[in-house]
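Next come the chains, spelled out residue by residue.
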Amino acid sequence: MMSQPRTTPSLLLLPLLLWLPWLPHILGQNVPFEYHEYSQVTQVLREFHQNYSDITHLYSIGRSVQGRELWVIAISDNPTVHEVGEPEVQYVGNIHGNEVIGKEMLLHLLEYLTDGYGNNDTISGYLNTTRVHILPAMNPDGLQGSLEGDCYSSIGRENARSYDLNRNFPDKFEVNTQPIQPETEAIMNWTRNIPFSLSAIFHGGAMVANYPWDNTPYGQSGPSIYSRSPDDDIYRHLALTYSQNHGNMHEGDVCSGDFFEDGISNGADWYPLRGGMQDWVYIHGDCLTITLEVSCCKYPTQDKLRDHWVWNKNSLIELLLQVHRGIKGQVFINGTDTPVSGATVTIGDRDNSFHTTSAGEFWRILIPGQYSVTVSKAGYSSETRTVTVPGNLTFSAVIEDFYLVENGTNSALNASESTTGEYTTETSPTATVGREARHLAGNGCRLQMADYLVTLLNGALIMLICINHVLYTD
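In the nomenclature of an unreviewed UniProt entry, the chain corresponds to Carboxypeptidase D-like isoform X1 from the organism Branchiostoma floridae. Listed under Cofactor (unreviewed entry) in UniProt, the entry text for the chain is "Zn(2+)".

Enquirer: For this particular structure, what's the right way to read helix α9 (residues 232-245)?
Expert: Structural remark: α-helix, 3.6 residues per turn; residues separated by three or four positions point the same way. Over its 14 residues, α9 runs 20 Å from end to end, which matches the ideal 20 Å to within 8%, given 1.5 Å per residue. Burial within α9 is extensive, with 10 of its 14 residues counted as buried. D232, I234, Y235, L238, A239, L240, T241, Y242, S243 and N245 are the residues of α9 that are buried.

Enquirer: Is there a simple way to explain the environment of I234 in this structure?
Expert: Inspection of the secondary structure assignment puts I234 in helix α9. The class for I234 is buried, based on a relative accessible area of 0%. As a C-alpha pair, I234 and P368 span 134 residues in sequence and 10.0 Å in three-dimensional space. Beyond its immediate chain neighbours, meaning those up to four positions away, I234 contacts L288, R350, I365 and L366.

Enquirer: Is there a simple way to explain the pattern of salt bridges in this structure?
Expert: Counted under the stated rule, the structure contains 14 salt bridges. Between E174 and R274 there is a salt bridge, with the nearest N and O atoms lying 3.4 Å from each other. Here R274 lies in the loop between α10 (267-270) and α11 (277-284) and E174 lies in the loop between α7 (140-144) and α8 (182-193), a separation of 100 residues in the sequence. Assessed through its relative accessible area of 22%, E174 is described here as partly exposed. Residue class for R274 comes out partly exposed when judged on its relative accessible area of 27%. Here the residues in one salt-bridge network are E99, R157, D164 and R167, joined through shared partners.

Enquirer: Hey, could you run me through the sheet that holds strand β5 (residues 196-203) in this one?
Expert: Within a beta sheet, neighbouring strands are joined by backbone hydrogen bonds and run either parallel or antiparallel to one another. Spatially, β1-β2-β4-β3-β5-β8-β6-β7 is the arrangement adopted by the 8 strands of the open sheet, whose pairing is mixed. For this open sheet the edge positions go to β1 (56-63) and β7 (264-266), each flanked by a neighbour on one side alone. This sheet shows a mean twist of 20° between the axes of neighbouring strands, independent of strand direction. Pairing geometry for strand β6 (residues 206-211) and strand β8 (residues 288-295), over 5 bridges, is antiparallel. The residue of β8 that forms the bridge with A209 is L292. Seen against the sheet, helix α4 (residues 38-51) touches β1 and β2 (69-75) and runs at an angle of roughly 30° to β2. Contacts from helix α12 (residues 305-321) reach β3 (88-92), β4 (131-135), β5 and β8 within the one sheet, and its direction differs from that of β8 by about 170°.

Enquirer: Is there a simple way to explain the sheet that holds strand β11 (residues 354-355) in this structure?
Expert: Ordered by their spatial adjacency, 4 strands build an open sheet running β11-β10-β13-β14, and the pairing between neighbours is antiparallel. The open sheet has two edge strands with one neighbour each: β11 and β14 (383-389). Relative to β14, strand β13 (residues 369-376) runs antiparallel, the two being bridged by 7 bridges. Paired with T374 across the bridge in β14 is T384.

Enquirer: I keep staring at the environment of L45 and nothing clicks. Help me out?
Expert: Assignment of secondary structure puts L45 in helix α4. For L45, a relative accessible area of 1% gives the class buried. Not counting chain neighbours up to four residues away, the residues in contact with L45 comprise L58, W71, I73, L107, L110 and P136.

Enquirer: Please clarify how the pairing of β1 should be interpreted in this entry.
Expert: As defined by bridge partners, β1 adjoins β2 across 6 bridges and the pair is classed as antiparallel. Along β2, the bridge assignment pairs R63 with E69. Here β1 folds back onto β2, and the loop between the two strands holds 5 residues, one of which, G67, carries a positive phi near 90°.

Enquirer: What is the right way to look at empty space enclosed by the protein in this model?
Expert: Taking a probe equal in size to a water molecule and rolling it over the atoms shows the remaining empty space. This structure, assessed with the given rule, holds 2 cavities of 30 Å³ or more. Computed from the structure, the largest cavity encloses a volume of approximately 50 Å³. Residue assignment for the lining of the largest cavity shows that the elements contributing at least two residues are β9 (327-333) and β12 (361-364). Each residue belonging to the lining of the largest cavity can be placed in one class, and the counts come to 6 nonpolar, 2 polar and 3 charged. Within this model, the second largest cavity holds a volume of roughly 40 Å³. As for the second largest cavity, its lining consists of Y38, V41, L45, E69, W71, L135, P136 and A137. For the lining of the second largest cavity, the secondary-structure elements that each account for two or more residues are α4 and β2. If one sorts the elements of the lining of the second largest cavity by residue count, α4 sits on top with 3 residues.

Enquirer: Sorry if this is basic, but what is going on with the state of the cysteines here?
Expert: A covalent bond between the sulfur atoms of two cysteines is what we call a disulfide. This model, assessed by the stated rule, comprises 2 disulfides. Two residues, C151 and C297, share a disulfide whose sulfurs are 2.1 Å apart. Sign of the S-S torsion, about -90° for the bond between C151 and C297, identifies this disulfide as left-handed. Here C151 is found in the loop between α7 and α8, whereas its partner C297 is found in the loop between β8 and α12, with 146 residues between them in sequence.

Enquirer: Can you help me understand the environment of F33 in this one?
Expert: For F33, the position within the fold is in the loop between α3 (23-26) and α4. C-alpha of F33 to C-alpha of E104: the two residues are 71 residues apart in sequence and 8.2 Å apart in space. Not counting chain neighbours up to four residues away, the residues in contact with F33 comprise H108, Q302, L305, R306 and W309.

Enquirer: Is there a simple way to explain the packing of helix α5 (residues 101-116) against α12 in this structure?
Expert: Working note: a packed helix pair is described by the angle between its axes plus the distance between those axes. With their axes 9 Å apart at the nearest point, α5 and α12 run at an angle of 65° to one another. Between α5 and α12 lies a crossing of right-handed hand. Facing α5, whose interface residues are I101, E104, M105, H108, L109, Y112 and L113, α12 presents L305, H308, W309, N312, L316, I317 and L320. Grouping the constituent residues of the contact of α5 with α12 by class yields 10 nonpolar, 3 polar and 1 charged.

Conventions we followed
All chains use their own residue numbering, which begins from 1 and follows the written sequence. Confidence filtering applies because this is a predicted model: local features only for residues at pLDDT of at least 70, side-chain atom pairs given and counted only at 80 or more, and all residues used for totals across whole chains, interfaces and linings. Neither water nor hydrogens contribute to the side-chain values; these are computed over all heavy atoms in the structure. UniProt positions are given in the numbering used here, feature names are shortened, and annotations may be inferred rather than shown by experiment. To qualify as a helix, a DSSP run of H or I must reach at least 4 residues; to qualify as a strand, a run of E must reach at least 2; elements of each kind are numbered from the N terminus. The span you would expect from a helix comes to 1.5 Å times its residue count less one. For each residue, the accessible area found with a 1.4 Å probe, counting protein chains only, is set against the maximum for its type, and the residue is called buried under 20%, exposed over 50%, and partly exposed in between. By the convention used here, residues are in contact when the closest approach between their heavy atoms is within 4.5 Å. Just to be clear on terms, a salt bridge is a Lys or Arg side-chain nitrogen sitting within 4 Å of an Asp or Glu carboxyl oxygen. Only strands joined by at least two bridges in the DSSP assignment are considered to pair. In this analysis, axes come from line fits to C-alpha atoms, helices being fitted only over the stretch in contact, and the angle between any two N-to-C directions falls in the range 0 to 180 degrees. Here a cavity means grid points, on a 1 Å grid over the protein atoms only, where a 1.4 Å probe fits yet cannot get out; a pocket means an open set of points with protein on both sides within 12 Å along at least five of seven lines; lining residues are those with an atom within 4 Å of a point. Grid points are joined across faces, edges and corners, and a volume is the space filled by probe spheres set on the points. By the convention adopted, Pro, Cys, Tyr, Trp, Phe, Met, Ile, Leu, Val and Ala count as nonpolar, Lys, Arg, Asp and Glu as charged, and the other residues, Gly among them, as polar. A pair of cysteine sulfur atoms is labelled a disulfide when the two atoms are within 2.5 Å. Put simply, a crossing is left-handed when the front helix is turned counterclockwise from the back one by less than a right angle, and right-handed when it is turned clockwise.

See below:
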């Protein structure tokens, strides 16, 4: 009896195997959990921009000492321009070249946001009302000289001219004599040109959410001391938002030898430093900024990347959402729709203030409470109003528009009349019931489905191989 022709495993499995190269794209897993050198970061950003050109904008803010572009990718429904009334967020990784986890987490965040737009109502709502700017590698020259597995050394920390970029900014409390480096200058120009409301800078070597001030009135020679900024209450809220949503940062003693209550610390209370980026952005960018130490080891081995993404994912998203807390509005010339740019906005008796944009816009993240808000500008009468930020207001800012009377003109009643003590809210898809916003952090729906699909496909592959072996083995 003649034997039947044998079907080879390769033919039997060919349809399934043809799909395997496309599975990462189908499942939204374009960024592998492996380290990306500068050229690979550039390629990843270009691919995302090509694949999501309708919601991303890839641009450079300058070049490093060795000529590498400092690539930023913006994500929004209208990513190339600032839209009036919409806040801007700045995420910066790899300011120290050998502290690499932030860089990788930002690439995965980019993937998560772009993949979710149009598929997740909360992500879509957020990106329709916010523009997020991601700079994965601020110090690409230092990155190129860093070593995987090096937890403690300073190899690759500085830029190509041996300057620590997180000691290179003008300081609030003392004169910084360091020459401004190209990477620092690029950050300064970028921050001045875009009205960021919220910023985070990613580091490694500890596990803590750190907030201003980084220095003290006594300068670097002074002791470690709590250096309280005017927005200390808001900063504690932002830092706690990150630490409490992190996989283990909130425990406070994740890294050997360090303890931070609730996983947060005032910068100078940890140790004072001169020329830090977060203090400069806070002062000169009118932007609330925190520093996030997200790994005990500065450059952990590649096999730890997935764990770090799982730990940081919720925190990254929850911090983004905070930009829609507090108050926002525009300032106009009374009786007109002409915006007042450069007006000073002061919250209560806080000894700092911020300023309106060219469109008269302002934003401020605030925790629930009543606030006296004063808007003023030379040549105009000032206006003070009490604004209530309610505790049940979730991810929607209180809208308060102000109308200033030019000196020498009549004070006509305006639409802003008698709004003291009242508030209106702008409800967006991110204002959800029962903390639906938690789904934005990816607790699971899409990622769990992806895990199930991978498991199912792997099982099917093994079953097909076994069936083929049983049926066609002599």
